[in-house]
Amino acid sequence: MDVIKITNLKVFAHHGVFPEETRDGQDFYVNARLYLDCRTAGRTDCLEDSVNYGEVSVFITDFLQRHTYKLIEAAAEHLAEAMLLTFPLLARVEIELCKPHAPIGLPFENVSVAIERGWHQVYLAVGSNMGEKEAHIGRGLAALRDTPGVQVQKISEMLVTKPYGGVEQDDFVNGAVALRTLLTPHELLDRLHEIEAQEMRVRQIHWGPRTLDLDIIFYDKLVYEDADLIIPHADMANRSFVLAPLAELCPNYRHPLLGKTVAELAAALEKTDA
């Protein structure tokens with residue numbers, strides 16, 4: 001990934017815990033690293049194919065002067081998110097927000113906070129087998145589109161599939177969703193649970209019927225496990241109702257643990273089920 005650097009951008013702004021800081025203001029300095037693909041711009045010599053660092057500098061200055069935060073951690077966090085949402089060619093950013101006049105009361109040169117934030121590629125499985133199944137899914141996808149920091153890229157065709165797991169119940173409608181997000185895995189999981197709850201999802205029977213099911217299958221190439229979340233989804237390789245719609249969206253996406261593409265996993269499962 002290529003990078004554009006902005007170094008020691010001076011901004012007079014009003015951030016701080018103490019009242020005099022927000023009242024009187026002080027100088028802040030911003031160091032930014034903008035990650036993007038500069039190949040096209042390098043070949044075309046066209047500014048529209050890159051990110052205008054002058055516009056970014058003006059944006060940073062305006063943002064920090066229009067908003068007031070107690071913590072530079074909060075200022076950096078909101079600034080990074082705003083930049084990623086405003087400049088679509090940015091894949092990720094590194095922001096260092098320096099506060100050389102912080103009221104520490106001791107000799108020091110600088111204090112700063114540095115963060116890195118960026119877009120993450122995510123694939124979800126979606127399903128329903130209660131009530132108006134398509135309506136549950138449609139409202140769930142609409143809520144997902146309305147989620148700050150989430151951009152729905154593509155939705156697979158919806159398939160009617162048999163229940164999985166041995167519980168007697170109605171057929172499912174299943175599909176997959178490709179999106180990119182600024183949310184962390186757990187932030188995204190919490191949001192998915194909120195959307196499911198809006199559709200009156202109740203977790204009573206394992207593998208039982210549900211109004212709406214939203215599962216994280218892949219999150220970048222992340223391999224992660226805790227008590228609440230496993231990525232990649234632990235049982236996806238055994239679920240044709242996950243692999244079939246996923247193969248429509250990302251057939252060549254390679255499972256970070258199994259080493260096989262989605263298309264290969266789908267073909268192997270189809271052969272096993274035959």
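Up top is the structure these notes are about.
Computed from a predicted structure; not experimentally measured. (Residues numbered from 1 in each chain as written. Predicted model: local features only at pLDDT ≥ 70, side-chain atom pairs only at ≥ 80, totals over all residues. Heavy atoms only, no water.)

A.B. asks: Explain the overall build of the protein chain residue by residue, including any values.
C.D. replies: When helices and strands are counted, the protein chain shows 8 helices and 11 strands. Of all intrachain contacts in the protein chain linking residues separated by at least 6 positions in sequence, the fraction that spans at least 24 positions is 64%. By element, 52% of the accessible surface of the protein chain is carried by carbon and sulfur atoms, the whole surface being about 14,600 Å². (Helix = DSSP H or I, 4+ residues; strand = E, 2+ residues; numbered from the N terminus. Contact = heavy atoms within 4.5 Å. Areas by Shrake-Rupley, 256 points an atom, 1.4 Å probe, with all protein chains shown as cover.)

A.B. asks: Give a detailed account of the sheet that holds strand β4 (residues 112-118), specifying residues and quantitative values.
C.D. replies: Taken together, 4 strands build an open sheet; the order of strands is β1-β2-β3-β4 and the sheet is antiparallel. Looking at which strands have only one partner, the edges of the open sheet turn out to be β1 (2-13) and β4. With direction set aside, neighbouring strand axes in the sheet form an average angle of 15 degrees. Strand direction decides the pairing type here: β1 and strand β2 (residues 26-36), joined by 10 bridges, are antiparallel. Residue pairing across strands places K10 opposite Y29, the latter belonging to β2. Together, β1, β2 and β3 (92-98) form the strand contacts of helix α3 (residues 53-66), whose direction differs from that of β1 by roughly 35 degrees. (Pairing = 2+ DSSP bridges. Axes fitted to C-alpha atoms, helices over the stretch in contact; angles between N-to-C directions.)

A.B. asks: Outline the packing of aromatic side chains, listing residues and values.
C.D. replies: Counting across every chain of the model gives 4 aromatic pairs. On the numbers, 5.5 Å between centres and 80 degrees between planes, the contact of F59 with F87 is edge-to-face. Linking F59 in helix α3 with F87 in the loop between α4 (72-86) and β3, this pair joins segments that are 28 residues apart in sequence. Between Y123 and Y253, the ring centres sit 5.1 Å apart and the planes meet at 70 degrees, which makes this aromatic pair edge-to-face. With Y123 in strand β5 (residues 120-128) and Y253 in the loop between α7 (240-249) and α8 (262-273), this residue pair connects regions lying 130 residues apart in the sequence. Note on accessibility: Y123 and Y253 belong to one class, buried. A network of ring pairs unites the aromatic residues F59, F63 and F87 as a single cluster. A cation over an aromatic ring shows up here: K221 above the ring of Y253, its NZ or CZ 3.8 Å from the ring centre. (Phe/Tyr/Trp six-rings, centres within 6.5 Å; stacked < 30°, edge-to-face > 60°. Buried < 20%, exposed > 50% of the residue type's maximum accessible area, 1.4 Å probe, protein only. Lys NZ or Arg CZ within 6 Å of the ring centre and 35° of its normal.)

A.B. asks: Tell me about the environment of L34, residues and numbers included.
C.D. replies: With respect to the helices and strands, the residue L34 is situated in strand β2. For L34, a relative accessible area of 0% puts it in the buried group. Here the alpha-carbon distance between L34 and D2, two residues 32 residues apart in the chain, equals 8.1 Å.

A.B. asks: Explain a nonpolar patch on the surface residue by residue, including any values.
C.D. replies: A surface patch of nonpolar side chains, amounting to about 340 Å² of accessible area, comprises I104, L106, F108 and V111. Within the secondary structure, L106 is located in the loop between β3 and β4. (Patch = residues over 30% accessible without salt bridge, like charges linked within 9 Å, V, L, I, M, F, W, Y side chains within 5 Å. Salt bridge = Lys/Arg side-chain N within 4 Å of Asp/Glu carboxyl O.)

A.B. asks: If you had to explain the pattern of salt bridges to someone new, which residues and values would you point to?
C.D. replies: Tallied over the full model, the rule gives 12 salt bridges. For the salt bridge of E116 with R92, the shortest nitrogen-to-oxygen distance reads 2.4 Å. A residue pair is termed long-range when its members are at least 10 positions apart, and E116 in strand β4 and R92 in strand β3 qualify at 24 residues. A relative accessible area of 41% places E116 in the partly exposed class. A relative accessible area of 27% means that R92 is categorised as partly exposed. Connected through shared salt-bridge partners, R33, R92, E94 and E116 make up one network.

A.B. asks: Account for unusual backbone geometry, naming residues and giving values.
C.D. replies: The omega angle of the peptide bond from I231 to P232 is -5 degrees, so this bond is cis rather than trans. By the element assignment, P232 lies in the loop between β11 (230-231) and α7. One non-glycine residue, N8, lies in positive phi territory at about 55 degrees. The phi angle at D45 is positive, at roughly 60 degrees, despite the residue not being glycine. Within the element layout of this structure, D45 appears in the loop between α2 (39-44) and α3.

Any link to function would need more than the numbers given here.
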